[in-house]
Amino acid sequence: MRALVQPRFGDPAEVLSVQEVPAPEPGPGQALVRVLLSPIHNHDLWTARGSYGFKPEMPARAGTEAVGVVEALGEGVEGLEVGQRVATGGSFGAWAELIVAPAAGLVPVPEGMSDEAAAQLVSMPFSAIALLDFLEVSEGDWIVQNAANGAVGRLVAQLAKARGVHVLGLVRRADGVAELAEQGIERVVATDDDGWRDRVREIVGDAPIVAGVDSVGGASAGDVVSLLAEDGVLVVFGAMASPTMEIGSGDVIFKQVVIKGFWGNKVFAAMSREKRAALMGELVTGLGSGALTLPVEKVYPLEEIADATRANAEPGRRGKILLRP
């Protein structure tokens, strides 16, 4: 079969290429899935660069999430059928024609859901809803997040709205405000405007902002912390611009701000089966009602992985970049 393989860590556009590799066979408790579409996530690219918490041995495959069709079932698998459409969010090596995955971790795709949406169902949406849950906020609370026009930022805004939680979004350029408005996401402020803090107060008023999410790092992390109320919580989700956060010590000391990290692998592992099922049900309901949207920017074949990774980094991208084997 064809799969993307890298011989060493490095720039994904340079080290990843299509190679012929042996087709896998499902073992006990596993399913063989023919991949239809697979998204490019930032953590996939960080893994290829060698800068993520998970570092595979070289040579290595790439990609983690996909939607596909069950081709074969291993011994002891129940609840799945050959020909059934399924989604997976934790199958390393997903940028390939075939993958083998634990059957228990596969999510049946509801009828009527497009392949484009199903390809994104597990990783980013589930991370977003788990992140929102991790914040422990209630209906009527205010939270703030940077990278509001990123995939997770858009999802958090939509999911929070459905829960009655108010979200203040920060973006780095004015164009981002208009992009989000087109998707129905309001209460967004561009920090490239000198008067952006005044705009924040116009939106929030005197309401306390009880929690914040930093996905950018650098000075942007400090911007988020500066808006938090006393006893506010900052959750660090990513570091798109810098691995170092520039946070004023006064904000932490005098407001007693608590800073916590969110890594999906750790959070998901500690989550009960009942909690995972409830959150996934909330996602499916949101997608079915249209309250949650998963736009796609463009679909590339595996052979165009270099162009696809460059497209993923383009500013102003309004949807996910997907790969089709």
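See the structure printed just above.
Bear in mind the structure is a predicted one, so any value in this text is a computation, not a measurement.

Visitor: Give a detailed account of the overall build of the protein, specifying residues and quantitative values.
Guide: Summing up its helical and strand segments, the protein has 12 helices and 15 strands in all. Over its C-alpha trace the protein gives a radius of gyration of 20 Å, about what one expects of a compact globule, namely 20 Å for 325 residues. Principal axes of the C-alpha set define a box for the protein whose edges measure 60 × 40 × 35 Å. For the protein, the residues scored as buried account for 49% of the 325 residues in total. Of all intrachain contacts in the protein linking residues separated by at least 6 positions in sequence, the fraction that spans at least 24 positions is 68%. Carbon together with sulfur atoms contributes 50% to the accessible area of the protein, which is approximately 14800 Å² in total. Put simply, the protein has 28 plus and 42 minus side-chain charges, and the middle of one group is 1 Å from the middle of the other.

Visitor: Describe the nonpolar core, listing the residues and the values that go with them.
Guide: Side chains that are nonpolar tend, in soluble globular proteins, to be buried together. In terms of nonpolar packing, the biggest core is built from 41 residues, with Leu 135 and Ile 143 touching the most fellow members. Of all the elements in the fold, those that place two or more residues in this core are helix H3 (115–118), helix H4 (123–134), helix H5 (151–163), strand S11 (209–214) and helix H11 (273–289). With 7 residues, the top contributor of residues to this core is H4. Discounting chain neighbours no more than four positions away, the residues touching Ile 143 are Leu 132, Leu 135, Val 137, Val 156, Val 165, His 166, Val 167, Leu 168, Ile 209 and Ala 211. Trp 196, Ile 203, Leu 227 and Val 236 belong to the second-largest nonpolar core, a separate cluster that totals 17 residues.

Visitor: Account for a negative patch on the surface, naming residues and giving values.
Guide: Taken together, the side chains of Asp 175, Asp 192, Asp 193, Asp 194 and Asp 198 present a region of like negative charge at the surface. Secondary-structure assignment places Asp 192 in the loop between strand S10 (188–190) and helix H7 (196–204).

Visitor: How would you sum up the packing of aromatic side chains? Please name residues and give values.
Guide: All told, the structure shown has 6 aromatic pairs when counted by the stated rule. Residues Trp 46 and Tyr 52 carry aromatic rings whose centres are separated by 6.1 Å and whose planes lie at 35° to one another, so their mutual orientation is tilted. A ring pair is formed by Phe 54 and Phe 92, whose centres lie 5.1 Å apart and whose planes are at 80°; its orientation type is edge-to-face. Here Phe 54 is found in the loop between helix H2 (42–49) and strand S4 (66–73), whereas its partner Phe 92 is found in the loop between strand S5 (85–88) and strand S6 (98–102), with 38 residues between them in sequence. Phe 92 gets classed as partly exposed once you look at its relative accessible area, which sits at 34%.

Visitor: Which residues make up the layout of surface pockets, and what are the values?
Guide: Roughly 290 Å³ of internal volume is contained in the second largest pocket. Residue lining of the second largest pocket: 14 residues in total, with Ala 157, Lys 161, Gly 184, Ile 185 and Glu 186 positioned closest to the centre. Contributing elements (two or more residues each) for the lining of the second largest pocket: H5 and strand S9 (166–171). When residues of the lining of the second largest pocket are assigned to their parent elements, the largest contribution, 4 residues, is made by H5. The class makeup of the residues in the lining of the second largest pocket is 6 nonpolar, 5 polar and 3 charged.

Visitor: Can you explain the environment of Glu 97? Please cite residues and give values.
Guide: Position of Glu 97 relative to the elements: it lies in the loop between S5 and S6. The contact partners of Glu 97, leaving out residues within four places of it in the chain, are Met 1, Arg 2, Val 33, Arg 34, Val 35 and Pro 325. From its side chain, Glu 97 meets the backbone nitrogen of Arg 2 in a polar contact 2.8 Å long.

Visitor: Which residues make up the pattern of salt bridges, and what are the values?
Guide: Where charged atoms of side chains with opposite charge meet at close range, the side chains can pair. For the structure shown, the criterion picks out 13 salt bridges. Glu 202 is paired through a salt bridge with Arg 199; the nearest N and O atoms lie 3.2 Å apart. Of the two residues, Glu 202 and Arg 199 both sit in helix H7, 3 residues apart, roughly one turn of that helix. Judged by relative accessible area, which is 39%, Arg 199 ranks as partly exposed.

Visitor: Please give an account of helix H6 (residues 174–182) that cites residues and values.
Guide: Within H6 the residues assigned to the buried category are Gly 176, Glu 179 and Leu 180. Buried residues of H6, viewed axially, fall in a sector of 95°; they line one side. Within H6, the exposed residues directed more than 90 degrees away from the buried face are Asp 175 and Glu 182. As for H6, its buried residues are in contact with H5, S9 and S10. In the segment just after H6, Gly 184 is the residue with positive phi, at about 85°.

Thresholds, definitions, all that
- Residues numbered from 1 in each chain as written.
- Predicted model: local features only at pLDDT ≥ 70, side-chain atom pairs only at ≥ 80, totals over all residues.
- Heavy atoms only, no water.
- Helix = DSSP H or I, 4+ residues; strand = E, 2+ residues; numbered from the N terminus.
- Rg over C-alpha atoms; globule rule 2.2 N^0.38 Å.
- Buried < 20%, exposed > 50% of the residue type's maximum accessible area, 1.4 Å probe, protein only.
- Contact = heavy atoms within 4.5 Å.
- Areas by Shrake-Rupley, 256 points an atom, 1.4 Å probe, with all protein chains shown as cover.
- Lys, Arg positive; Asp, Glu negative; His and termini not counted.
- Charge placed at Lys NZ, Arg CZ, Asp CG, Glu CD.
- Core = buried A, V, L, I, M, F, W, Y, C linked by side-chain atoms within 4.5 Å.
- Patch = residues over 30% accessible without salt bridge, like charges linked within 9 Å, V, L, I, M, F, W, Y side chains within 5 Å.
- Salt bridge = Lys/Arg side-chain N within 4 Å of Asp/Glu carboxyl O.
- Phe/Tyr/Trp six-rings, centres within 6.5 Å; stacked < 30°, edge-to-face > 60°.
- 1 Å grid on protein atoms, 1.4 Å probe; cavity = no way out; pocket = protein on both sides within 12 Å on 5 of 7 lines; lining within 4 Å.
- Points joined across faces, edges and corners; volume = space filled by probe spheres on them.
- Nonpolar A, V, L, I, M, F, W, Y, C, P; charged D, E, K, R; others polar.
- Polar contact = N/O pair within 3.5 Å; in protein donor to acceptor, adjacent residues only side chain to side chain.
- Arc of directions from axis to C-beta.

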